[in-house]
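Per-entry structural report
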Amino acid sequence: MALLDPPVRRRDTLMTSRNLDGEGSVQVGLDPSDRIGTAKVFAVYGKGGIGKSTTSSNLSAAFSLLGKRVLQIGCDPKHDSTFTLTKKLMPTVIDVLETVDFHSEELRPEDYMFEGYNGVMCVEAGGPPAGTGCGGYVVGQTVKLLKQHHLLEDTDVVLFDVLGDVVCGGFAAPLQHAERAVVVAANDFDSIFAMNRIVAAIEAKSKNYNVRMAGVIANRSAATDEIDRFNAATGLKRLAHFPDLDAIRRSRLKKCTLFEMESTPEVDAACLEYKRLAALLWAGCDPLEAKPMKDRDIFEFLGFE
C-alpha cells in the first residue's frame, strides 16, 4: 500500500536538517513542482477544539460572498472541516485512494471534491490509519491530485484547515504551500500557549518557504486582553474578534454556516466581521516577524499574580 511505503521511496521525502527547519528537525519535504499556483493560500492553525473548522468554513463562505472562487482543504483525520459547508461528512482523499488501491490516475475530481455553500469547493484530505503513516504525505498527495486535475487553476483562495498544535513536521506541511498563516486562539492560557508553539513552527518554515504570519483571530472570547498582551510581547497582531456566541455553536449543530442562520444583531455583526476579515486577507496582510517565547517564559508571562 503506497500510503505506508517508507518515505524514502517517494519524492515527498523526510529530511533531517541542522539548518533548514531547525536543529535536528525531521520534516516532510514536498516536491517543488507541486506548489500551488496563483491563488492566495492561507493556513489556519490553533489549539484543538478552539473553533478552527467553524472559523475556516465561515471565512471560506465570506470569501465566496466577496465573489472569490474558494477551495477549503480539511487536514484533520476526523474530516469534519467542511461539513457546515456541504451539510454532511465527505469521503476523504485517503478513503477514495484506498478504493482504487492508491492508483490516483483512476480518480475523478468528483470522487473527492464537493461543492458547498455558495460554490465553495471542499476537500477533506483525511489521514493515515491511527499510529501509521504521515499527515504531511496526505497533504502532499491531496495537492498533487488537485494539480493533476487542474483544479487549482480556477481558484482564487485556498484555505487549509489544520488540526491542533503543530508538533509534527507532517502537519506543518501546509505551511510549505501557504502565503500567510493565521492562528485561532481564545483569551486563555492553553490557547495562547499553543499559539506560541505554532508561531515557532511558522518561524522555522519561513526560513525556506514563503509563508509568513498574518496574525491572530480571537475566537470564543468576550475579552482579548491576554491575547493582546501576548501579541505586544511577540510582535503579533489581532486580525478579528468573534465572541462566544450561542448562534455559532448552534450553526454547527444545524450543519450550516453562520451566514445561513436566522438574522439577529449578534449574527449580523459576526457575519460582517467575517466579511471584513476576508477582505483584509484578500487585500494582503503585511508579514509579521513574530518571535515566540520559550515554554518556561510564556508560562511565567501568562496569567495573574
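In this text, all values refer to a predicted model and were calculated from it rather than measured experimentally. Each residue is numbered by its place in its chain's sequence as written, counting from 1. Given that this is a predicted model, residues contribute local features only at a pLDDT of at least 70 and side-chain atom pairs are listed and counted only at 80 or more, while totals for whole chains, interfaces and linings are drawn from all residues. Side-chain figures throughout are based on the complete set of non-hydrogen atoms in the structure, without hydrogens or water.

**Let's talk about the overall build of the chain**
When helices and strands are counted, the chain shows 9 helices and 10 strands. The contact definition used throughout considers only heavy atoms, calling two residues in contact when any of these lie within 4.5 Å. Of the contacts made within the chain by residues no fewer than 6 positions apart, 75% connect residues no fewer than 24 positions apart. Residue-level accessible areas treat just the shown protein chains as cover; the underlying method is Shrake-Rupley with a 1.4 Å probe. By element, 51% of the accessible surface of the chain is carried by carbon and sulfur atoms, the whole surface being about 13500 Å². By definition, any uninterrupted DSSP run of H or I lasting at least four residues is a helix, any uninterrupted run of E lasting at least two residues is a strand, and each is numbered from the N terminus.

**Notes on the UniProt feature "binding site: Mg(2+)" (unreviewed entry) in the chain**
Sequence positions flagged by UniProt for "binding site: Mg(2+)" (unreviewed entry) are, in local numbering, S53. With respect to the secondary-structure elements, S53 resides in helix α1 (residues 52-65). A 1.4 Å probe rolled over the protein chains alone gives each residue an accessible area, and that area as a share of the maximum for its type sets the label: buried under 20%, exposed over 50%, partly exposed in between. Classification of S53 as buried rests on a relative accessible area of 13%. With near-sequence residues (within four places) excluded, S53 lies in contact with D80, S81, D161 and R252. UniProt positions are given in the numbering used here, feature names are shortened, and annotations may be inferred rather than shown by experiment.

**Considering the packing of aromatic side chains**
Only Phe, Tyr and Trp rings take part, Trp by its six-membered ring, and two of them pair if their centres are within 6.5 Å. Stacked means planes under 30 degrees apart, edge-to-face means over 60, and tilted covers everything else. Applying the stated criterion across every chain, the model contains 5 aromatic pairs. With centroids separated by 5.9 Å and ring planes inclined at 20 degrees, the aromatic side chains of F42 and F63 adopt a geometry described as stacked. Here F63 lies in helix α1 and F42 lies in strand β3 (residues 40-46), a separation of 21 residues in the sequence. Note on F63: relative accessible area 0%, which makes it buried. Both rings, one in F189 and one in F299, keep their centres 5.7 Å apart while their planes meet at 85 degrees; by these two values the pair is edge-to-face. In this pair, F189 sits in helix α5 (residues 189-205) while F299 sits in helix α9 (residues 295-301), placing the two residues 110 residues apart along the sequence.

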